[in-house]
Amino acid sequence: MRSDISQDVLRAGHAACPGCAYPMGMRMVLKTLGLRTVVVVVPSCAAIIAGPFPNTSLGVPSFHSAFEIAAPTAAGISAALKRQGVDDVTVLAFAGDGGTFDIGLQALSGAADRNEDFIYVCLDNEGYMNTGVQVSSSTPQYSWTGTTPSGNTRHKKQIMEIMAAHRIPYAATASIAFPEDLMAKVEKAKGMRGTRFIHLLAPCVTGWKIAPDEAPLVSRLSVESNVFPLYEIFDGLRYEINHQPKRIPVERYLVLQGRFSHISAEQTEAIQTETDRAWAELCSREMRSRQLYEGSKGTAARVSGD
Amino acid sequence: MSYHTFLDPELIIPISRLSTEAFKTGSWSRNRPVFEEKNSPCRVGCPNANNIATAMYMASKGDYDGALAAFLEESPLPSVCGRVCNHACQSKCNRGDHDGSVQIRAMERAASDFGSARPEMLTDAGKGLPVAVIGSGPAGLAAAYHLARMGHPVRLIEARERLGGLLTWGIPGYRLPEEILNRDLKRILSLDIEAVTNRPVDRAGLDQLLGSHRAVLLATGTWAPTPMGIPGEELGGVCPGLDFLLNDALQAQVKGRRVIVIGGGNTAIDAARVAVRNGAAKVDILYRPDLEALPDSDDEVREAEEEGVHRTAAHPVEFVGEQGRVSAVLCKEIERADGIDCCRSKAAPDEFSCDLVITAIGQSLGASSLYSELDMDRGRIAADRQGRTVRTGLYIAGDAGSLRATVVEAMASGKRAAVAIHHDLTGKTDSVSDAFAGGRETFSLHELFRPGPIRDPNVTAEINRYSYLTAVATQPQSAPNLDANLRVSGFQEVAGGLDEGGAEAEAGRCFYCGTCIGCDLCATFCPEVSMGQTNGKTAYEADPDHCKGCGACASVCVRGVVTMGDEL
Ligand SMILES: Cc1cc2nc3c(=O)[nH]c(=O)nc-3n(C[C@H](O)[C@H](O)[C@H](O)COP(=O)(O)OP(=O)(O)OC[C@H]3O[C@@H](n4cnc5c(N)ncnc54)[C@H](O)[C@@H]3O)c2cc1C
Ligand SMILES: Cc1ncc(C[n+]2csc(CCOP(=O)(O)OP(=O)(O)O)c2C)c(N)n1
Ligand code: SF4
Ligand SMILES: [Mg+2]
């Protein structure tokens, strides 16, 4: 996994908070895609990291679009490139969870419905962090945010199920704590056509109230506790779990984060129960889909309209 | 107007053409990562400071030559220690509480079984400065080996007909086969060492050697028995453990007899197992829990018990006899002061009848004119911590100068004495104490001769939460022992060795604490694209212009090499 800095596409000097997981993830994604890439960013911490005019940290052509339209912007650029006969450039959209789960959901759904040709990486820090930590539909239950001072009452929206329902060729969860897995998924997505979606959990040091050096640890725990399992969905149907977790109690994940410091033992128990349920369901989906779709090798079930 | 100019995007939207690298975000940081390789806890735990982490890393890649070379940096006897060392290193392993210590001793054996390597020369500064070493046990062998590596012509003088000291004459072949010991001996003798056997050195000989050589090392061991000091010890059929192990005729006498061995250590257990192999009808060990340390490794006790040896906690007070031959051992009731002994002991009857008694309660220096002008300390020859005696030019190493009677301690003291001699003869005295690990006697010779600054011996690598979280729990690898029924009929090696695959897997369990293996995690995780190796250097360094001091790099360094430095 030797990381040669000269091969990096992301540049230093950006304005992310110290220890932020965004640039860790963006770095790994961009490095895998390489220089033949066009990036779309929308308002989010990713747009901050991309840099203030006239400076940029993205070492490839990039486009700042509006909050809700990361997907259609990427679709448009991708179509325009094809129109010009350029077919070796990957179009990548970076959007936050607010821009994906909430305000960008309709636009993303439309693009996915048409199976437009781009990779969409949702950098999920479970809240509107850039604007000072407000709740989003990705914020987990019981979590503190500025707008849920006594804990979020809603559940985290299941974006992977929504994306799977579009039957796009590829959707995957990924974590910065598993760089090899993340980069392999990006590489795999790069080799496909159509709408490819990567749900990348990226802890926010400020919003999650963790120490600046804890993003890798907390990310790792999110996977090992099953709160955020690593898996892929091919064609919206065939599930594949990529990492057998250590099944560490969720409490060890939660106690590290100040945003959960107020929760009760019952709430911790409830999170554990829900985590176990979701894991069991994921496992059974994987098993069921393996029986049903054995042999289908992740080729697009539907081909792009054009 | 052409189509192209009409659509020039720069006319309608701003385009960033400069890099954010212009922003020196390094000014945000309060501290910076520090790359510093450190001692692993096992290395500090090893009295000989073996470079275990490097050896494990080599072995994990299937490079047994490299693994063996790493052991040879500090030790001339990896084949021996891979079998009989009491492996103090293993109890310090950071994996111990996680899923079981890395089986370092088994790995040392694997390195010596599968690898081949030549000892590395350290300097030729010892050229023309001859040294004589008296005694060829582990202490003398180690001293000769290291002195030769520092360029000294070495004369190794042994009283008995073969080299090896207690490795040859004491430790039986079922634990240390002769051909295995020979493997190490051959490697040692490939250096500039003139070995002379059948040459007991007396006082006149010593004085002569001190005249003909620039320094002389006494590594003569402790071969005199320690008497029990109880009535009846002079009876026929009572013999000291080492005499028994040395003497085939004595061993032949046990056939069909009831044998009692008194003592708790290696000699007692080995005497009992040798008695079993010579056809004794019954072998009992009586150990005195209040006086004897239990043997360092439980394995040996277990193996002896599997072979039919019984152990009983008892305190012998008298040997009783009939017609001048021992017939029973009388014991007093033992005080069970500490809990550990109670669990092991069966209720001890007062009288154990027997045909033969082997006493093995420890060795003594014995009287010799060699030592007459030297100071004594608790029955051993007194010296400074590097083995300098009161007599100029005369040094001491091994059991003769220490109560810690193990192969590795003897070997380590031989190394310390070798360096003392080298430094005294070459007039170099600096930096020795710097190379002592952990403020103890543990001493890395390789570190002393490695170019560059000496690794801080008092700093042990500390691993972190991420280390354990990312480590997949795996059971230590093991190899089966020879079946107990087969063992007792001969002197075949009891302990099985790992096969190459098993050894590779076992080495892969190591964290390589304190040793950078270039895993690159620190660089991979740096959100500032600032951590990396510069100009082909192996060390990782943060770019001070952009490192924000977040500590992510240190948090993922599972070996404790990268840590965060003090506030700037
Ligand atoms: C039965 C037994 C089992 C043991 N098992 C273990 C074990 O499993 N693990 C472990 O770590 N330790 C074990 N030990 C202890 C270990 O063997 C000793 O601590 C170690 O060998 C001491 O090394 P040394 O070099 O000081 O002396 P020795 O090994 O005793 O060697 C001294 C040498 O000096 C020679 N010599 C003495 N006087 C003269 C002279 N005047 N001229 C020339 N040569 C002379 C002797 O012949 C001998 O060869 C065991 C000991 C015994 C007796
Ligand atoms: C249409 C629109 N509404 C609101 C905003 C203000 N705004 C900018 S970033 C942001 C939060 C984005 O949250 P998320 O997408 O989760 O990204 P994060 O900041 O957490 O990286 C908001 C609300 C905007 N730029 N555009
Ligand atoms: S991860 Fe990068 S920014 Fe953070 S302390 Fe290490 S070198 Fe500095
Ligand atoms: Mg967000």
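Residues numbered from 1 in each chain as written. Chains lettered and ligands numbered in written order. Predicted model: local features only at pLDDT ≥ 70, side-chain atom pairs only at ≥ 80, totals over all residues. Heavy atoms only, no water.

Draft legend 1. Looking closely at the packing of aromatic side chains. Within this structure, the stated rule accounts for eleven aromatic pairs over all chains. Aromatic side chains tyrosine 466 of chain B and phenylalanine 525 of chain B sit 6.4 Å apart centroid to centroid with 75 degrees between the ring planes, which places their arrangement in the edge-to-face category. Of this pair, tyrosine 466 of chain B sits in helix H19 (residues 465-470) while phenylalanine 525 of chain B sits in helix H22 (residues 521-525), placing them 59 residues apart in sequence. In terms of burial, tyrosine 466 of chain B and phenylalanine 525 of chain B fall into one category: buried. Where tyrosine 468 of chain B meets phenylalanine 511 of chain B, the ring centres are 5.6 Å apart and the plane angle is 90 degrees; that geometry is what we call edge-to-face. Placement of tyrosine 468 of chain B in helix H19 and of phenylalanine 511 of chain B in the loop between helix H21 (500-508) and H22 is noted, with a sequence separation of 43 residues between them. For phenylalanine 511 of chain B, a relative accessible area of 7% corresponds to the buried category. Feature note: the residues Phe118, Tyr120 and Phe197 of chain A constitute an aromatic cluster, connected by ring pairs. Looking at arginine 259 of chain A, its charged tip hangs above the ring of tryptophan 208 of chain A, at a distance of 3.8 Å from the centre. (Phe/Tyr/Trp six-rings, centres within 6.5 Å; stacked < 30°, edge-to-face > 60°. Helix = DSSP H or I, 4+ residues; strand = E, 2+ residues; numbered from the N terminus. Buried < 20%, exposed > 50% of the residue type's maximum accessible area, 1.4 Å probe, protein only. Lys NZ or Arg CZ within 6 Å of the ring centre and 35° of its normal.)

Draft legend 2. Geometry of the site of ligand 1. Residue and element names in this part refer to chain B. The environment of ligand 1 is made up of 34 residues, and the closest members are Val84, Glu158, Arg175, Trp223 and Asp399. One nitrogen or oxygen atom from the main chain of proline 138 is found 3.3 Å from an oxygen atom belonging to ligand 1. Alanine 139 is positioned such that a nitrogen or oxygen atom in its backbone is 2.9 Å from an oxygen atom of ligand 1. With the chains in place, 94% of the 1,000 Å² that ligand 1 exposes on its own is no longer accessible. Tallying contributions element by element places helix H14 (residues 266-277) first for the shell around ligand 1, with three residues. Here the residues of the shell around ligand 1 sort into 17 nonpolar, eleven polar and six charged. (Near = heavy atom within 4 Å. Polar contact = N/O pair within 3.5 Å; in protein donor to acceptor, adjacent residues only side chain to side chain. Areas by Shrake-Rupley, 256 points an atom, 1.4 Å probe, with all protein chains shown as cover. Nonpolar A, V, L, I, M, F, W, Y, C, P; charged D, E, K, R; others polar.)

Draft legend 3. Layout of the interface of chain B and chain A. Each partner contributes residues to the interface: chain B has 43 residues there, and chain A has 43 residues. The largest share of the area that chain B buries against chain A comes from Thr20, Leu469 and Val529 of chain B, three residues that together contribute 21% of it. Here chain B and chain A share one salt bridge between them. Of the charged contacts, one joins glutamate 214 of chain A and arginine 465 of chain B as a salt bridge, the two residues approaching to 3.0 Å between their closest N and O atoms. Joining chain B to chain A, the criterion identifies 19 residue pairs in polar contact (both at pLDDT 80 or more). Going through the elements one at a time, strand E1 (18-19), H19, H22, strand E20 (531-533) and helix H23 (552-555) of chain B are the ones with two or more residues in the side of chain B that touches chain A. Its residues assigned to classes, the side of chain B that touches chain A shows 24 nonpolar, 13 polar and six charged. (Contact = heavy atoms within 4.5 Å. Buried area = accessible area lost by both parts, 1.4 Å probe. Salt bridge = Lys/Arg side-chain N within 4 Å of Asp/Glu carboxyl O.)

Draft legend 4. Structural view of the packing of helix H4 (residues 64-72) of chain B against helix H7 (residues 104-114) of chain B. Residue and element names in this part refer to chain B. Relative to each other, H4 and H7 sit at 120 degrees, their axes nearing to 8 Å. Between H4 and H7 lies a crossing of left-handed hand. Together, Tyr64, Asp65, Ala67, Leu68 and Phe71 of H4 and Met107, Glu108, Ala110, Ala111, Ser112 and Phe114 of H7 make up the contact between the two elements. Residues that form the contact of H4 with H7 fall into these classes: eight nonpolar, one polar and two charged. (Axes fitted to C-alpha atoms, helices over the stretch in contact; angles between N-to-C directions. Left-handed = near helix turned anticlockwise from the far one by under 90°.)

Draft legend 5. Seen up close, the site of ligand 3. The environment of ligand 3 is made up of 14 residues, and the closest members are Cys526, Cys547, Cys550, Gly551 and Cys553 of chain B. Looking at the shell around ligand 3 residue by residue, the class counts come to ten nonpolar, two polar and two charged.

Draft legend 6. Region of the structure containing the sheet that holds strand E5 (residues 193-196) of chain B. Residues and elements named next belong to chain B. Spatially, E5-E4-E3-E6-E19 is the arrangement adopted by the five strands of the open sheet, whose pairing is parallel. Because the sheet does not close on itself, it has two edges, and the strands there are E5 and strand E19 (394-396). Each strand of the sheet is rotated relative to its neighbour by a mean of 20 degrees, with strand direction disregarded. Judged from the four bridges that link them, strand E3 (residues 131-134) and strand E4 (residues 154-157) form a sheet pairing that is parallel. Looking at E4, one finds that valine 131 is bridged to valine 154. Along the sheet face, helix H8 (residues 138-149) touches E3, E4, E5 and strand E6 (215-218) and points at about 170 degrees away from the line of E4. (Pairing = 2+ DSSP bridges.)

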